[in-house]
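# Observations on the model geometry
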Amino acid sequence: MTAATATATAAATAQPRATTRTGGPDEDGPKVLEHVLGWTLVVVLAMLVTQIGLM
């Protein structure tokens, strides 16, 4: 490794990289609403299954 390479490597690693958002879900979303909607879906599917007579 030469001095120029070491300087370039040190300069590149010293700067914080900007992270690119991939469009995924935010981490600080409404978790309570998510849980309520999920359980509501489970109950509705259970009601549908029992009404159809699959169980």
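Quick look at the structure, then. (Residues numbered from 1 in each chain as written. Predicted model: local features only at pLDDT ≥ 70, side-chain atom pairs only at ≥ 80, totals over all residues. Heavy atoms only, no water.)

Attention now goes to the overall build of the protein. When you go through the protein residue by residue, the secondary structure sums to 2 helices and 0 strands. A burial count over the protein gives 0% of its 55 residues as buried. For the protein, the accessible surface area stands at approximately 5400 Å², while carbon and sulfur atoms represent 68% of it. (Helix = DSSP H or I, 4+ residues; strand = E, 2+ residues; numbered from the N terminus. Buried < 20%, exposed > 50% of the residue type's maximum accessible area, 1.4 Å probe, protein only. Areas by Shrake-Rupley, 256 points an atom, 1.4 Å probe, with all protein chains shown as cover.)

On the surface, Leu-41, Leu-45, Leu-48, Ile-52, Leu-54 and Met-55 cluster together into a nonpolar patch covering about 710 Å² of accessible area. On the secondary structure map, Leu-41 appears in helix H2 (residues 31–52). (Patch = residues over 30% accessible without salt bridge, like charges linked within 9 Å, V, L, I, M, F, W, Y side chains within 5 Å. Salt bridge = Lys/Arg side-chain N within 4 Å of Asp/Glu carboxyl O.)

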